[in-house]
Amino acid sequence: MSGQYMRLEDMLTTMDSSIRECLTIIDKHAVSTIFVVDAGGRLDGAVSDRAIRRALVSGAGVDDTIGELIAAPAATASPGEGRAEVLDVMHALGVAEIPIVDGDGRVVGVHIEREIVGAEPLENWAVVMAGGRGTRLAPLTDDIPKPMLPVAGRPILERIVLHLVGSGIRRIFLSVNYLGELIEHYFGDGSAYGCAIEYLRETPDRPLGTGGALGLLGAVGGRATHPVLVMNGDLVTGFSVGELLAAHAGSGAAATIATSEYEHQVPFGVLESRDGRLVRMIEKPTRSWPVNAGIYVLSPKLLPRVPQGVLYPITELFDDCLSRGESVGLWPISDRWQDIGRPHELAQARGLSRESA
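Residues numbered from 1 in each chain as written. Predicted model: local features only at pLDDT ≥ 70, side-chain atom pairs only at ≥ 80, totals over all residues. Heavy atoms only, no water.

### So, the pairing of strand 10 (residues 169–176)
Heads up, the rule is: To sort residues, take the accessible area from a 1.4 Å probe on protein chains only and compare it with the maximum for the residue type: under 20% means buried, over 50% means exposed, and anything in between is partly exposed. Strands are runs of DSSP state E lasting at least two residues, helices are runs of H or I lasting at least four, and both sets are numbered from the N terminus onward. A pair of strands is considered paired only if DSSP assigns at least 2 bridges between the two.
Of all eight residues that make up strand 10, seven are buried, and the element is covered over most of its length. Pairing between strand 7 (residues 122–129) and strand 10: six bridges, direction parallel. Looking across to strand 10, one finds that A126 is bridged to I172. Sheet topology places strand 10 next to strand 11 (residues 196–201); six bridges connect them, and they run parallel. Within strand 11, the residue paired with I172 across the bridge is I197.

See the structure below:
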């Protein structure tokens, strides 16, 4: 991660800019491409370091404008596109910068291979629970932690980290236990991902459950001053971090639980009756319920309530809130969401059949 936060304006220029001005931007920020926008911020094209140097060799002057050097960018990304997917496109095309363009054609950010520009850093921390053993996925998890199982060529946990960083989260805590040293070796201090990563280390013979690791947060990270995003480390999802945090802030709730929709189809014809007589028949109806998606936002005041060093399901924290008369909000995920707990769920996430999981 660069020592100084790069602003979106640092990566943008206009049609009447000079070669000298563009070279200054490229050299100052160690990038290979900058993007050209009109007065309304809409994308006009890209100017690469290679195109500029080729023009200079051919006799162009440093005070010439860049109009003839503008080309279409190799690719663009939408605001909702995942960081992991964008990095895969970068590697496939051999480019280090891709602009983020909204539905009106405006450049709202830039993906750079080493970081993301345009997503304002958030003060919120994220805690990712990555210490589970994943026994239902054995033997796949005999030698690798469940969150490190690959999906589309990248470990699940890496996809989560990239998604959080791409959403503006800059401080991430990973709760580790089973084979935690493999996770720590893979991610290090997080600098390669554009964030700071710290570790909440459970004792191997004393797992703390889905919420207990939060009790380690104070000793490692200090005192949180903003709502903390907490999520399981075995999720493949593209949920909007910003929208979830905004919903929590606007609700006044002590905690917010992200929900997914679970549907179940009754395999029989259902008979509705009144006074022992048939009213109507419904053939194999489908019912749906909101279910816990394993993603939460917690107000800082809740963290000291987590007991130290004992098994503690995070659901007990929500029960405690309700017993105190504190509200717990629900926020429905509108994006894709897949829990990876059993072989067929891993197969679904990988786009494979159950037999080939």
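Resuming the write-up.
### What about the packing of aromatic side chains?
Cut-off, in case you're wondering: The criterion for an aromatic pair is that two Phe, Tyr or Trp rings (for Trp, the six-membered ring) have centres within 6.5 Å, with stacked assigned to planes under 30 degrees apart, edge-to-face to planes over 60 apart and tilted to the rest.
For the structure shown, the criterion picks out five aromatic pairs. Pairing W125 with F173 gives two aromatic rings, centres 5.2 Å apart and planes at 55 degrees, and the pair type is tilted. Of this pair, W125 sits in strand 7 while F173 sits in strand 10, and the two are 48 residues apart along the sequence. Taken individually, W125 and F173 each receive the classification buried, so the pair is uniform in this respect. Where Y262 meets W289, the ring centres are 6.3 Å apart and the plane angle is 25 degrees; that geometry is what we call stacked. Here Y262 is found in strand 14 (residues 255–265), whereas its partner W289 is found in strand 17 (residues 286–298), with 27 residues between them in sequence. Residue class for Y262 comes out partly exposed when judged on its relative accessible area of 43%. Through a chain of ring-to-ring contacts, the aromatic side chains of Y186, F187 and Y193 assemble into a single cluster.

### Looking at the sheet that holds strand 1 (residues 12–13)
What links the strands of a sheet is backbone hydrogen bonding, and the strands pair in either a parallel or an antiparallel sense. Here is the rule: Should any heavy atoms of two residues lie within 4.5 Å, those residues are counted as being in contact. Where helices are involved, their axes are fitted lines through C-alpha atoms of the stretch in contact, as for all axes, and angles between N-to-C directions lie from 0 to 180°.
As summarised here, the arrangement of the three strands in space is 1-2-3, forming an open sheet in which the pairing is mixed. The sheet terminates laterally at strand 1 and strand 3 (43–48), the two strands that pair on one side only. Note that strand 2 (residues 33–37) and strand 3 share five bridges and pair antiparallel. Paired with F35 across the two strands is A46, which belongs to strand 3. In the packing of helix 1 (residues 19–29) onto the sheet, contacts are made with strand 1, strand 2 and strand 3, and the angle to strand 2 comes to roughly 135 degrees.

### Remarks on the side chain of T141
Locating T141 in the fold gives a position in the loop between strand 7 and strand 8 (150–151). What makes T141 buried here is its relative accessible area of 2%. Sequence-distant contacts of T141, that is, excluding residues within four places in its chain, are made with R133, G134, K146, L149 and Y178.

### Quick look at helix 2 (residues 49–57)
Rules: Think of it as the arc spanned by the lines of direction from the helix axis to the C-beta atoms.
Turning to helix 2, its buried residues are D49, A51, I52 and A55. On an axial view of helix 2, the arc spanned by its buried residues comes to 165 degrees, and they lie on one face. Structural note: helix 2 exposes R50, R54 and V57 on the side pointing more than 90 degrees away from its buried face. Tucked inside the fold, the buried residues of helix 2 contact helix 1 and strand 3. The first or second residue beyond helix 2 is G59, which carries a positive phi of 110 degrees.

### Considering the domain arrangement of the chain
Spelled out, the test is: What counts as a domain boundary in this text is fixed by an automatic or database domain assignment. Buried area: the accessible surface (1.4 Å probe) lost by two parts on joining, summed over both. Salt bridges are counted wherever a side-chain nitrogen of Lys or Arg sits within 4 Å of a carboxyl oxygen of Asp or Glu. Pairing of N or O atoms within 3.5 Å defines a polar contact, subject to two protein rules: one partner must be a possible hydrogen donor and the other a possible acceptor, and residues neighboring in sequence count only if both atoms are side-chain atoms. The residue classification treats Ala, Val, Leu, Ile, Met, Phe, Trp, Tyr, Cys and Pro as nonpolar and Asp, Glu, Lys and Arg as charged. All others, Gly included, are polar.
Each assigned domain of the chain is listed here: domain 1 (8–117) and domain 2 (122–350). Taking only C-alpha atoms into account, the centre of domain 1 sits 36 Å from that of domain 2. Summed over both sides, the interface of domain 1 with domain 2 buries roughly 720 Å², with 48% coming from carbon and sulfur. On the domain 1 side of the contact with domain 2, R83, A84 and I116 bury the most area, a combined 51% of that side's loss. For the pair domain 1 and domain 2, the interface holds three salt bridges. Two residues, E85 and R336, come together in a salt bridge whose shortest N-O distance is 3.3 Å. In this assembly, domain 1 and domain 2 are joined by three residue pairs in polar contact (both at pLDDT 80 or more). For the side of domain 1 that touches domain 2, the element with the highest residue contribution is helix 3 (residues 83–93), accounting for five residues. Classifying every residue of the side of domain 1 that touches domain 2 gives three nonpolar, no polar and four charged.

### A short note on the layout of surface pockets
We count it as follows: Both cavities and pockets are sets of points on a 1 Å grid over the protein atoms alone; in a cavity a 1.4 Å probe fits but cannot get out, in a pocket the set is open with protein on both sides within 12 Å along at least five of seven lines, and lining residues sit with an atom within 4 Å of a point. Grid points are joined across faces, edges and corners, and a volume is the space filled by probe spheres set on the points.
Each pocket or cavity is described by its volume, and for the largest pocket that value is around 690 Å³. Around the largest pocket sit 32 residues that line it, and K146, T210, N232, D234 and D339 are the ones nearest its centre. Elements represented by at least two residues in the lining of the largest pocket include exactly helix 6 (209–212), strand 14, strand 17 and strand 19 (337–339). Looking at the lining of the largest pocket, the element that brings in the most residues is strand 17, giving four residues. Tallied by class, the residues present in the lining of the largest pocket amount to 11 nonpolar, 14 polar and seven charged. Considered as a void within the structure, the second largest pocket measures approximately 420 Å³ in volume. Lining the second largest pocket are 22 residues, and of these P79, G80, E81, G166 and S167 sit closest to its centre.

### As for the pattern of salt bridges
Counted according to the given criterion, the structure contains 19 salt bridges. With a closest N to O distance of 2.7 Å, R53 and D49 form a salt bridge. Of the two residues, R53 and D49 are both situated in helix 2; the distance of four residues between them amounts to about one turn of the helix. Between R159 and E85 there is a salt bridge; the shortest N-O distance is 2.3 Å. One end of the pair, R159, is in helix 4 (residues 156–166); the other, E85, is in helix 3, and 74 residues separate them in sequence. Look at the salt bridges and you will find they share partners, linking K301, R305, D320, R324 and E326 into a network.

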